[in-house]
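Remarks on the overall topology
The lines below spell out each chain.
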Amino acid sequence: MGMGAVAASREDEEAKKMEAGGDTIGKNLDAGALFVLQSKGSWLHCGYHLTTSIVAPPLLSLPFAFAALGWTAGIICLVIGAAVTFYSYNLISRVLEHHAQQGRRQLRFRDMATDILGPGWGKYYIGPIQFLVCFGAVIACILLAGQSMKAIYLLANPGGTIKLYVFVAIFGVFMMTLAQLPSFHSLRHVNLISLLLCLAYSFCAVAGSIYLGNSDKAPPKDYSITGDAKNRVFGVFNAIAVIATTYGNGIIPEIQATVAAPVTGKMFRGLCLCYAVVITTFFSVAISGYWAVGNQAQGTLLSNFMVDGAAVIPEWLLLITQLFTLLQLSAVGVVYLQPTNEVLEGLCSDAKQGQYAARNVVPRLASRTVAVAAATTVAAMVPFFGDMNSLIGAFGFLPLDFAVPAVFYNVTFKPSKKGVVFWLNTTIAVVFSALAVIASVAAVRQIALDAKTYKLFANV
């Protein structure tokens, strides 16, 4: 029997064990893995999940990153970000497939860290960092959605007086409903719609940029980098953190966990689908947006489409762009809620009873509602969360998505130290770990500079 047949046989056995509620190390799965990370999906579903988690409204901040980098450095960083993350996500997938073929399928990022690096890494580093990154993303999605709702409201009712926190609370209630979808796999149709929405608002943003860039309402096309030498240096590292956060994922193992066994090759096809959308949207929005507004790019491109409360592109175009963005944020938020759901399910549910037994449904409903309520409260109280999210991105996404995959691969496969793979992975791990530290310092500095403008429940 060939090695391929042996691997396939092992994966078939693994699938049967998981269907029976057992993992691949001979232990029973906890309720979080059994109920939330159900392994029933295809590579297409995997692609939908990947696209929703990566191609999200933060891509509208790419022109802002370009303003701190300039044309050449901006495009180079965007290309490097695409190449390194595609490579790194494939490394994680290869490691996961290898362990699955050995009869040890890992379903969570912290499981990988525990199995490969030791229990301390999973419990005290990867687990907490992933939770902070993902829950921070949920808060950011709720805040951004509230801002989109307010922008739509002001387009329809200029001079309206409803405060931002009201819109944040309204969206939070909607998120509480969406959060009750029982498993990651149950989001597959939501995430297909999300994929179409991200293409839609990206094309609208490009159209808006082209319109603005050719109109007399556009700011002067100045592509020089502003500020003194110190501010320029910190600006570069802030821009790198923005790009890293835009490409960031942080839940690759959990997404691969949704794929039905045998898993071999499915994640790669899902990534190819995802990165076809990534390249189409990221580069078009970044280049067209920076071309239109130059170094006047604001934190999100949509802010450049309004000046003094008035739209500088056709109102209908701005309205549908905001609407598509708002709708996709609901999908992105619920995707990044899955690690929290998995932890809560593991703590509150009984794996020996059915997923829809009253014993499990009531705690699920209560715990997920409380989690979303907590995220909504933070989003409403701290509308300057974007600065803090930059710190979370620098401290979380850079190591999780750039450095850690290379370490996992080298420890698992032990490539020759004389080979290219070992040194490429080592270089990626070292360089992006250093960038994570520097970008974290830059993010803390930005928080300190902006602290005087912070106000709880601010109407921004």
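Note that this is a predicted model, so its numbers are computed, not measured.

Turning our eyes to something else, we now look at the nonpolar core. Judged by nonpolar contacts, the single largest core of 117 residues is most densely connected at Tyr-247 and Phe-282. Among the elements that line this core, the one with the most residues is helix α6 (residues 119-156), at 16 residues. Leaving out residues up to four positions away in the same chain, Phe-282 has contacts with Ile-54, Val-55, Leu-59, Leu-62, Leu-78, Thr-246 and Tyr-247. Listed in part, the 14 residues of the second largest apolar core include Val-84, Phe-237, Ala-241 and Leu-398.

What follows is about the packing of α6 against helix α7 (residues 164-178). Packed helices, taken two at a time, are described by the angle their axes make and the gap between the axes. Interhelical geometry of α6 versus α7 gives an angle of 120° and a closest axis separation of 8 Å. Overall, the two elements α6 and α7 adopt an arrangement that is oblique. Here the hand of the crossing between α6 and α7 comes out right-handed. For the pair formed by α6 and α7, the contact residues are Cys-141, Ile-142, Leu-143, Ala-145, Gly-146, Gln-147, Met-149, Lys-150 and Tyr-153 on the first element and Leu-164, Phe-167, Val-168, Ile-170, Phe-171 and Met-175 on the second. Residues belonging to the contact of α6 with α7 are distributed by class as follows: 12 nonpolar, two polar and one charged.

With an omega dihedral of 0°, the bond running from Ala-261 to Pro-262 counts as a cis peptide bond. With respect to the element layout, Pro-262 can be found in the loop between α10 (252-257) and α11 (266-293). Backbone geometry at Lys-414 places phi at a positive 50°, although glycine is not the residue there. Summarising the element assignment, Lys-414 is placed in the loop between α16 (385-413) and α17 (420-450).

In this structure the tally under the stated criterion is seven salt bridges. With its nearest N and O atoms 2.9 Å apart, the salt bridge here joins Arg-108 to Asp-111. For Arg-108, a relative accessible area of 8% translates into the label buried. Between Arg-364 and Glu-345 there is a salt bridge; the shortest N-O distance is 2.8 Å. Note that Arg-364 is positioned in helix α15 (residues 358-381) and Glu-345 in helix α14 (residues 338-348), a separation of 19 residues in sequence. The pair formed by Arg-364 and Glu-345 is uniform in burial state, with each residue classed as buried. By sharing partners, the salt bridges in this structure join Asp-30, Arg-108, Arg-110, Asp-111 and Glu-342 into a single network.

With that out of the way, let us pick up the environment of Asn-238. Within the secondary structure, Asn-238 is located in helix α9 (residues 229-247). According to the relative accessible area criterion, Asn-238 is buried, its value standing at 16%. In this structure, the C-alpha to C-alpha distance between Asn-238 and Tyr-211, residues 27 residues apart in sequence, is 29 Å. Setting aside chain neighbours within four positions, we find Asn-238 in contact with Ala-442, Ala-443 and Gln-446.

Next up on the list: the environment of Cys-204. Here Cys-204 is to be found in helix α8 (residues 188-213). What makes Cys-204 buried here is its relative accessible area of 10%.

With that settled, the discussion passes to the state of the cysteines. Inspection of the entire model under this criterion finds zero disulfides. Looking at the unpaired Cys-141, the closest cysteine sulfur is the one in Cys-134, lying at 11 Å. We classify Cys-141 as buried; its relative accessible area is 6%. Among the cysteines around Cys-348, which has no disulfide bond, Cys-134 carries the closest sulfur, lying 18 Å off. By relative accessible area, which is 30% here, Cys-348 ends up partly exposed.

Quick look at empty space enclosed by the protein now. In this structure the tally under the stated criterion is one cavity of 30 Å³ or more. If you add up the space inside the largest cavity, you get close to 50 Å³. Contributing to the lining of the largest cavity are Leu-96, Glu-97, Ala-100, Arg-105, Gln-106, Pro-253, Gln-256, Ala-257 and Val-263. Of all the secondary-structure elements, those providing two or more residues to the lining of the largest cavity are α4 (62-101) and α10. Residue composition of the lining of the largest cavity, by class: five nonpolar, two polar and two charged.

In this section: the confidence of the model for the protein chain. Averaged over the protein chain, the pLDDT score is 89; the fraction of residues at 70 or greater is 92%. This model gives residues 18-26 a pLDDT under 50, and the stretch forms 20 contacts once residues within four places in sequence are excluded.

Analysis parameters
- Residues numbered from 1 in each chain as written.
- Predicted model: local features only at pLDDT ≥ 70, side-chain atom pairs only at ≥ 80, totals over all residues.
- Heavy atoms only, no water.
- Core = buried A, V, L, I, M, F, W, Y, C linked by side-chain atoms within 4.5 Å.
- Buried < 20%, exposed > 50% of the residue type's maximum accessible area, 1.4 Å probe, protein only.
- Helix = DSSP H or I, 4+ residues; strand = E, 2+ residues; numbered from the N terminus.
- Contact = heavy atoms within 4.5 Å.
- Axes fitted to C-alpha atoms, helices over the stretch in contact; angles between N-to-C directions.
- Parallel < 35°, antiparallel > 145°, perpendicular 65-115°, else oblique.
- Left-handed = near helix turned anticlockwise from the far one by under 90°.
- Nonpolar A, V, L, I, M, F, W, Y, C, P; charged D, E, K, R; others polar.
- Salt bridge = Lys/Arg side-chain N within 4 Å of Asp/Glu carboxyl O.
- Disulfide = S-S within 2.5 Å.
- 1 Å grid on protein atoms, 1.4 Å probe; cavity = no way out; pocket = protein on both sides within 12 Å on 5 of 7 lines; lining within 4 Å.
- Points joined across faces, edges and corners; volume = space filled by probe spheres on them.
- pLDDT = per-residue confidence, 0-100.

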